[in-house]
Amino acid sequence: MSAPTTARPVDAEGTGRRVEEVLDRLAASGDPAAAEAAEELVRSLMDFYGSGLARVLHLLSGAPGDPVAGLLGDELVASLLVLHDLHPEDRDTRITRALDSVREHALDVVDFDEESGALTLRARESGGCGCGSGASAREAAQAALACFAPEVRTVDVRTAPAGPTLLQIGAAPTGAR
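Residues numbered from 1 in each chain as written. Predicted model: local features only at pLDDT ≥ 70, side-chain atom pairs only at ≥ 80, totals over all residues. Heavy atoms only, no water.

S.K.: Which residues make up helix α2 (residues 32-61), and what are the values?
M.R.: In a regular helix each residue adds 1.5 Å, so 30 residues correspond to 44 Å; α2 covers 43 Å between its end C-alpha atoms and thus fits that length. All of the buried residues in α2 are Ala35, Ala38, Gly50, Leu53 and Leu57. Lining the buried residues of α2 we find α1 (12-28), α3 (67-73) and α4 (75-83). (Helix = DSSP H or I, 4+ residues; strand = E, 2+ residues; numbered from the N terminus. Expected span 1.5 Å × (residues − 1). Buried < 20%, exposed > 50% of the residue type's maximum accessible area, 1.4 Å probe, protein only. Contact = heavy atoms within 4.5 Å.)

Encoded structure:
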């Protein structure tokens with residue numbers, strides 16, 4: 001009999017919220033011993049799974065080819081690696097990876113404020129009807145970033161102005177003569 005290779009799908013962001021909600025309910029229950037025991041249990045499980053993930057990364061890093069790349073592209077695995085501070089990619093690379101997963105929104109990074117966790121993005125206009133899709137782009141970016149770059153706490157999407165954005169060197173802009 002072989003071990004299962006797939007598990008029940010899990011929403012990493014939702015699971016994190018549920019854990020926080022349960023800990024908050026226990027803290028509000030008025031039983032400090034129960035709240036403290038629950039927090040200790042969560043810390044122990046985090047240490048256990050974090051050590052296991054570190055071992056998996058270590059073992060895979062010595063394997064032929066690049067098996068780690070598949071792990072880094074998986075939202076659940078990436079979020080676990082970030083949660084345990086084991087993700088080998090830096091923040092900017094993880095932000096790029098997250099935005100690549102919502103490529104249909106054509107988002108570019110403008111700025112990231114480390115102190116507040118605010119990420120400013122620019123959405124390139126698609127030349128459509130002019131209807132704003134900034135909210136859906138922001139929501140898509142936030143969902144992707146929650147897994148790959150949770151240090152991004154807020155996302156602001158600005159729309160780039162329509163028209164040419166690049167100026168060729170040595171060429172006069174249209175209408176300028």
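S.K.: Hey, could you go over the nonpolar core for me, with residue numbers and the actual values?
M.R.: Counting 21 residues, the largest nonpolar core has Leu107, Leu121, Leu145 and Val152 as its most contacted members. When residues of this core are assigned to their parent elements, the largest contribution, 7 residues, is made by helix α6 (residues 134-148). Among residues more than four places away in sequence, those in contact with Leu145 are Ile95, Ala98, Leu119, Pro150, Val152 and Val155. Leu53, Leu57, Val68 and Leu81 belong to the second-largest nonpolar core, a separate cluster that totals 5 residues. (Core = buried A, V, L, I, M, F, W, Y, C linked by side-chain atoms within 4.5 Å.)

S.K.: Give a detailed account of the pairing of strand β2 (residues 118-123), specifying residues and quantitative values.
M.R.: Consecutive side chains along a regular strand alternate between the two faces of the sheet. In this structure, strand β1 (residues 107-113) lies alongside β2, joined through 6 bridges in antiparallel fashion. The residue of β2 that forms the bridge with Asp108 is Arg122. In this antiparallel pair of consecutive strands, β1 and β2, the connection spans 4 residues, and Gly117 shows a positive phi of 80°. The pairing of β2 with strand β3 (residues 154-159) spans 6 bridges and is classified as parallel. From the neighbouring strand, Arg122 faces β3, where its bridge partner is Arg158. (Pairing = 2+ DSSP bridges.)

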